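A closer look at the structure
Listed below are the residues making up each chain.
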Amino acid sequence: MTTPVALAADHGGFELKEAVRLHLEETGVPYRDFGSYTSEPCDYPDMAQAACRAVVAGECGRALLFCGTGVGISMSANKIRGIRACCCSDAFSAEYTRRHNDANALCMGGRVVGPGLGIYLADLFLNTPFEGGRHQRRVDKLMALEGT
Ligand code: RB5
């Protein structure tokens, strides 16, 4: 991907974001870090916002989002029009949410997933294409639910 990856985390996901951010840095993957920049307590809906809006605006390609469980920040992300966020802690889900759901945000829990698995899942998510075909129809129906 040439468009930057959007990163964001609350305090529960800060350390995992940092591990993934350093990995992106080392592997030459462009990113924008929307914070948090410390492990001071902050609120996951606030942290999800800017990163997700950058994805919807096309300024970033996909988002990698982190909180303690991955759940709160994924719920927040999915409230933003145009975001299809998946909370994952296994490789099959991280791969197939790209292949079948065209997910544009991967959410992970810093209290659930260790740095090795988190980096592996992030790479898998960023490097897996959407299959299109019959899945496009389903994604179209999914996005139509936003207006209901
Ligand atoms: C913060 O303590 C924690 O609630 C948050 O990071 C997240 O896990 C919420 O879903």
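Keep in mind it's a predicted model, so treat the numbers as computed, not measured. (Residues numbered from 1 in each chain as written. Predicted model: local features only at pLDDT ≥ 70, side-chain atom pairs only at ≥ 80, totals over all residues. Heavy atoms only, no water.)

Taken together, Asp10, His11, Tyr44, Cys67, Gly68, Thr69, Gly72 and Arg111 make up the full set of residues near the ligand. Here an oxygen atom of the ligand and a backbone polar atom of glycine 68 are 2.7 Å apart. Coverage of the ligand by the protein chains reaches 71% of its 290 Å² of free accessible surface. Looking at the shell around the ligand, its residues break down into two nonpolar, four polar and two charged. (Near = heavy atom within 4 Å. Polar contact = N/O pair within 3.5 Å; in protein donor to acceptor, adjacent residues only side chain to side chain. Areas by Shrake-Rupley, 256 points an atom, 1.4 Å probe, with all protein chains shown as cover. Nonpolar A, V, L, I, M, F, W, Y, C, P; charged D, E, K, R; others polar.)

This model, assessed by the stated rule, comprises zero disulfides. No disulfide involves cysteine 42; its sulfur sits 10 Å from the nearest other cysteine sulfur, which is in cysteine 67. Relative accessible area serves as the criterion here: at 18%, cysteine 42 is assigned to the buried category. This cysteine, cysteine 87, is not joined by any disulfide, and cysteine 107 carries the nearest cysteine sulfur, 6.2 Å off. (Disulfide = S-S within 2.5 Å. Buried < 20%, exposed > 50% of the residue type's maximum accessible area, 1.4 Å probe, protein only.)

Put simply, helix H1 (residues 14–27) and helix H5 (residues 115–127) touch, their axes get as near as 9 Å, and they point 55° apart. It follows that H1 is oblique to H5 by the angle criterion. The hand of the H1/H5 crossing is right-handed. Where H1 abuts H5, its residues Leu16, Ala19, Val20, His23 and Leu24 lie against Pro115, Gly118, Ile119, Ala122, Asp123 and Leu126. In terms of residue class, the contact of H1 with H5 is built from eight nonpolar, two polar and one charged. (Axes fitted to C-alpha atoms, helices over the stretch in contact; angles between N-to-C directions. Helix = DSSP H or I, 4+ residues; strand = E, 2+ residues; numbered from the N terminus. Parallel < 35°, antiparallel > 145°, perpendicular 65-115°, else oblique. Left-handed = near helix turned anticlockwise from the far one by under 90°. Contact = heavy atoms within 4.5 Å.)

In globular proteins that are soluble, nonpolar side chains generally tend to be buried together. Core analysis: the biggest nonpolar cluster contains 21 residues, and Ala6, Phe34, Leu65, Ile73 and Ile83 have the highest contact counts within it. Within the residue set of this core, elements represented by two or more residues are strand S1 (5–9), helix H2 (44–56), strand S3 (63–67), helix H3 (71–77) and strand S5 (105–109). If near-sequence neighbours (up to four positions away) are discounted, isoleucine 83 is found in contact with Cys52, Val55, Val56, Ala77, Asn78, Asn104, Ala105 and Glu146. Core analysis: the second largest hydrophobic core is formed by 20 residues, Val5, Ala9, Ala103 and Phe125 among them. (Core = buried A, V, L, I, M, F, W, Y, C linked by side-chain atoms within 4.5 Å.)

To continue, consider the packing of aromatic side chains. Taken as a whole and judged by the stated rule, the model has one aromatic pair. Here the guanidinium or amino end of arginine 99 rests over the ring plane of tyrosine 96, the centre of that ring lying 5.9 Å away. (Phe/Tyr/Trp six-rings, centres within 6.5 Å; stacked < 30°, edge-to-face > 60°. Lys NZ or Arg CZ within 6 Å of the ring centre and 35° of its normal.)

Further remarks concern the pairing of S5. Counting buried residues along S5, five of its five residues qualify, which places the element largely inside the surrounding structure. The two faces of S5 match: Ala105, Cys107 and Gly109 on one face and Leu106 and Met108 on the other face are all buried. The pairing of S3 with S5 spans five bridges and is parallel. Looking at S5, one finds that alanine 63 is bridged to alanine 105. The pairing of strand S4 (residues 85–87) with S5 spans three bridges and is classified as parallel. By the bridge assignment, alanine 85 is partnered in S5 with alanine 105. For the crossover from S4 across helix H4 (residues 91–99) to S5, the handedness is right-handed. (Pairing = 2+ DSSP bridges. Right-handed = clockwise from strand over helix to strand, strands pointing away.)

None of this, on its own, says anything about what the molecule does.
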